[in-house]
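Tertiary structure, described
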Amino acid sequence: MTDLKLYQVGTFAAGNRLVDLELRSVQAHADRANSITSGHRACQGCGEALGARYVLDAAMRAAGGDVVVANATGCLEVFSTPYPESSWQVAWLHSLFGNAPAVAAGMAAGLRALGRETRVVGQGGDGGTVDIGFGCLSGMFERNDDVLYVCYDNQGYMNTGVQRSGATPPAARTANTAPLGPEPGNAFGQGKSAPLIAMAHEIPYVATATVADLRDLERKVEKAMSIRGARYLHVLVPCPLGWAAASSDTIRLARLATESGIFPVFEAEYGEVTAATPIRRPVPVDEYLRLQGRFAHLFGKHARPDLVARIQAAADRNIVRFGLVEAEPRTGS
Amino acid sequence: MFEQLEGSRAVAKTVARCRPAVIAAYPISPQTHIVEALSDFVRTGELPGCEYLMVESEFGAMSACIGASGVGARTYTATASQGLLFMAEALFNASGLGLPIVMTVANRAIGSPINIWNDQSDSMSQRDAGWVQLFATSNQEAVDLHVQAFVLAERLSLPVMVCMDGFVLTHAVEAVDLPEQAQIDAFLPPFAPRQHLDSRDPITIGSMVGPEAFTEVRYLMHDQQLAALDELPRISQDFESVFGRDTGGLVRPYRTEDADVIVVALGSVLGGVNEVVDALREDGVAAGSLGITCFRPWPAEAVRAAIGPARQVVVVERAFAPGVGAIVGQDVRHALRSAPGDGPAVYDVVAGLGGRPVTRASLRGLLDDVVAERLDPHELHFLDLDHELLERAGTPWRRTS
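Keep in mind the model is a prediction, meaning the values are calculated, not measured.

Counting secondary structure elements, chain B contains 14 helices and 16 strands. The globule rule puts the C-alpha radius of gyration for 401 residues at 21 Å, and the 21 Å found for chain B is close to it. Out of the 401 residues belonging to chain B, those deemed buried represent 54%. The long-range fraction of contacts in chain B, counting pairs at least 24 apart against all pairs at least 6 apart in sequence, stands at 79%.

Bringing the overall build of chain A into the picture now. Check the secondary structure of chain A and you find 11 helices and 10 strands. By its C-alpha atoms, chain A is 60 × 45 × 40 Å across when sized along the principal axes. Counted over contacts in chain A with a minimum sequence separation of 6, partners at least 24 positions apart contribute 69%.

Next up on the list: the domain arrangement of chain B. Residue and element names in this part refer to chain B. Here chain B is partitioned into domain 1 (2–190 + 209–243) and domain 2 (251–392). Using only C-alpha atoms to locate each centre, domain 1 and domain 2 end up separated by 27 Å. Taken together, the 27 residues of domain 1 in the interface contact 20 residues of domain 2. Top element by residues in the side of domain 1 that touches domain 2 is helix H9 (residues 214–243). It accounts for five residues. Taken together, the residues of the side of domain 1 that touches domain 2 break down into 15 nonpolar, nine polar and three charged.

Moving on, we come to the environment of B:Glu141. Tracing the chain through its elements places B:Glu141 in helix H7 (residues 139–156). Setting aside its immediate chain neighbours within four residues, B:Glu141 contacts B:Ala136 and B:Thr247.

This part takes up the pairing of strand S7 (residues 205–210) of chain A. All names here are of chain A. Of all six residues that make up S7, six are buried, and the element is covered over most of its length. Taking every second residue as pointing to the same face, both faces of S7 are buried, with Tyr-205, Ala-207 and Ala-209 on one and Val-206, Thr-208 and Thr-210 on the other. Sheet topology places S7 next to strand S8 (residues 231–236); six bridges connect them, and they run parallel. Along S8, the bridge assignment pairs Ala-207 with Leu-233. Crossover S7 to S8 through helix H7 (residues 214–225) is right-handed. Across two bridges, S7 lies against strand S9 (residues 266–269) in antiparallel orientation. Looking at S9, one finds that Val-206 is bridged to Ala-268.

With that settled, the discussion passes to the interface of chain B and chain A. Each side of the interface is counted separately: chain B has 38 residues, and chain A has 38 residues. Elements represented by at least two residues in the side of chain B that touches chain A include exactly strand S2 (22–25), strand S3 (51–54), helix H3 (58–70), helix H5 (88–96) and strand S9 (204–205) of chain B. Residue contributions to the side of chain B that touches chain A peak at nine residues, all from H3(B). When grouped by side-chain class, the residues that make up the side of chain B that touches chain A number 21 nonpolar, 13 polar and four charged. Relative to S9(B), strand S4 (residues 91–94) of chain A is paired through two bridges, and the arrangement is parallel. If you follow A:Trp92 over to S9(B), its bridge partner there is B:Thr204.

Judged by pairing direction, the sheet is mixed, and its nine strands sit side by side in the order S10(A)-S9(A)-S7(A)-S8(A)-S6(A)-S5(A)-S3(A)-S4(A)-S9(B) without closing on themselves. Since the sheet does not close on itself, it has two edges, and those belong to strand S10 (272–276) of chain A together with S9 of chain B, each with one partner. Against the sheet, helix H3 (residues 100–113) of chain A touches strand S3 (67–71), S4, strand S5 (119–125) and strand S6 (148–153) of chain A, its axis set at about 175° to S5(A).

Residue and element names in this part refer to chain B. Spatially, the six strands line up as an open sheet ordered S10-S12-S11-S14-S15-S16, and their pairing is mixed. Two strands in the sheet have a free side with no partner beyond their single neighbour: strand S10 (251–254) and strand S16 (380–382). Taken pair by pair, the neighbouring strands of this sheet meet at an average axis angle of 25°, ignoring direction. Docked against the sheet, helix H13 (residues 360–371) engages strand S11 (261–265), strand S12 (287–292), strand S14 (312–317) and strand S15 (345–350), running at close to 150° with respect to S14.

Turning our attention to helix H1 (residues 47–62) of chain A. Residues and elements named next belong to chain A. Between its first and last C-alpha atoms H1 spans 22 Å; for 16 residues at 1.5 Å apiece the expected length is 22 Å, and the two agree. Counting buried residues in H1 gives 16 out of 16 residues, a clear majority hidden from the surface. Immediately beyond the C-terminal end of H1, within one or two residues, lies Gly-64, with a positive phi of roughly 60°.

A separate point is unusual backbone geometry. Of note, the amide linkage connecting A:Tyr83 to A:Pro84 takes the cis form, showing an omega dihedral of 5°. Of note, A:Pro84 is situated in the loop between helix H2 (75–80) and S4. In this model, B:Ser81 sits at a positive phi of 50°, which is unusual for a non-glycine residue. Counting through the fold element by element, B:Ser81 comes out in helix H4 (residues 81–86). Despite not being glycine, B:Glu373 has its phi angle at roughly 55°, a positive value. Within the secondary structure, B:Glu373 sits in the loop between H13 and S16.

Rules used in this analysis
Residues numbered from 1 in each chain as written. Chains lettered and ligands numbered in written order. Predicted model: local features only at pLDDT ≥ 70, side-chain atom pairs only at ≥ 80, totals over all residues. Helix = DSSP H or I, 4+ residues; strand = E, 2+ residues; numbered from the N terminus. Rg over C-alpha atoms; globule rule 2.2 N^0.38 Å. Buried ≥ 20, exposed ≤ 12 C-beta atoms within 10 Å, placed from the backbone. Contact = placed C-beta atoms within 7 Å. Domains from an automatic or database assignment. Nonpolar A, V, L, I, M, F, W, Y, C, P; charged D, E, K, R; others polar. Pairing = 2+ DSSP bridges. Right-handed = clockwise from strand over helix to strand, strands pointing away. Axes fitted to C-alpha atoms, helices over the stretch in contact; angles between N-to-C directions. Expected span 1.5 Å × (residues − 1).

And the structure:
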């Protein structure tokens, strides 16, 4: 989007008022699509609503407004379409929980057969993407269907009352991983990195992003829309309800997730990492975890520094693997 | 033009001439020859302008069909057995969204125990999925019903499955009069979707509907299904005027006018049934048969009219509901609920499960028992049940004949 980078609150960001008109964010333009418009029923501080707005408006701008959307069942679908209302100002279809990638693939095939230039975006939460919809997602990748699929990852089944998903982090409290017993919260495992698995399909473009850096998110959507074939965008979207965090901390939490190394922000093309966002001000995972009630059991009266250390080790691995701290930080101008 | 063709190939050629824009399919026996042939047609250009998606599962197949149909493309798939079950969630979704997808079901048993041979447990298990279900008795009928299925689906915005017995029809080579491309083009107009996703006129499809309107949405779906009962006979008549073949519409009555005993059946078994009917007639028994072409929606009035004053009705069930019994038989009773008097005795006979042949000899024996009133109409009967095998399994059999 721009080479201009200003340093602000620990990450690279620049206020819209400080850059030229044509360099401003999609959201700064009066003619933005408002793809998901006001009046929906998302919680206060919902990261997913924010992420979806930025993603789709950027996609709409990149495609000249010629976009159709396939949406998985989940919070995003429920809070936006209580009949007879709809918040969607894009052509939008919701089918099922586990099939949004296949529906999107079908749309792309149908549009191609009909000779229409319309672009296709598929989207869903982490449950619909990394768990129940994973077969369809992998099929879409493997066939290299011309779809941008976006996962809004809030790390659990928030719509059904905060149960664990394959994207829930270790030690996190959910409705079915209570802080009980010797291993409180979600189990420690290897996790399930949908972006890395997407990369293993060697599709043209994979990227991660968060709602803490919305310009970066827009830029990645624009880049994805400039490419044909299967593209995957994994966006970390904090959930105040599921994370037991303050609504006002959504952006802060997304930023701390990247600065702690727990959520690496990177891009990959054809299976190779091509860029990673450097951590300007590394923070211990402690700072990230303490703001969230779902990790409260790691700190209180029966603190579990051993588990915090394991989470820190995972973050450190990410920092090494993606070169997040060693990378030369880009300088502001 | 008559051609000597395998059933699957005849169906594939006919489907190709219906010009689907998208085909999404996953291989499962005995559907494979249909989708293999279609893949060839797309590659060779015999089916131009069609996108063929080789998906990762039947769930993905139906989901891709939903997406393709949702943007306004004519869409086709085929499956069978476990594949149809794996689609189940998407089947209900497709019908709820009113998407006119056409699907061939190459009828096959459902496991466990795993069994690849023919019965109709698969499509019967999805009888309440909101899809129109048409059953073919021959490969000619399978071909003809596919053409009509696209017309019916698109006229009413309803998904339609055309059921043809796996192997018995799909793999049988016989002479078929294939509809010509020009004939089909005249009969089946280009797809004009009732509504579809268009970025120039964005709509929301698939909203969440709460208690205040859900019943009404479902009511409209029922109403739409019932409309198919009016529409299909019209389409069938139009078809006959163009192609010269009577496909029967909703039901196919055979020698029922003065019949005392009528056999009700779906699919390829009807050929054998009719031969037994003829033999009984020669022996002075007033027998007839009633083939059900349209199983969903259920043509209750046509069934009642065809059965008329018959005293006995034998329903040949190629699937059944364990712990309950009849599936089709219950619908027949439903159709006869307002028949005068006590109505006929209805016998439920499970036959031909998992590929077991339904022979003329067995059918004749069954009908002789029925006519002589040696069979209890209140019990579920299993044709050719091997009692010796049951005893060897150590399970005492009971309440069966």
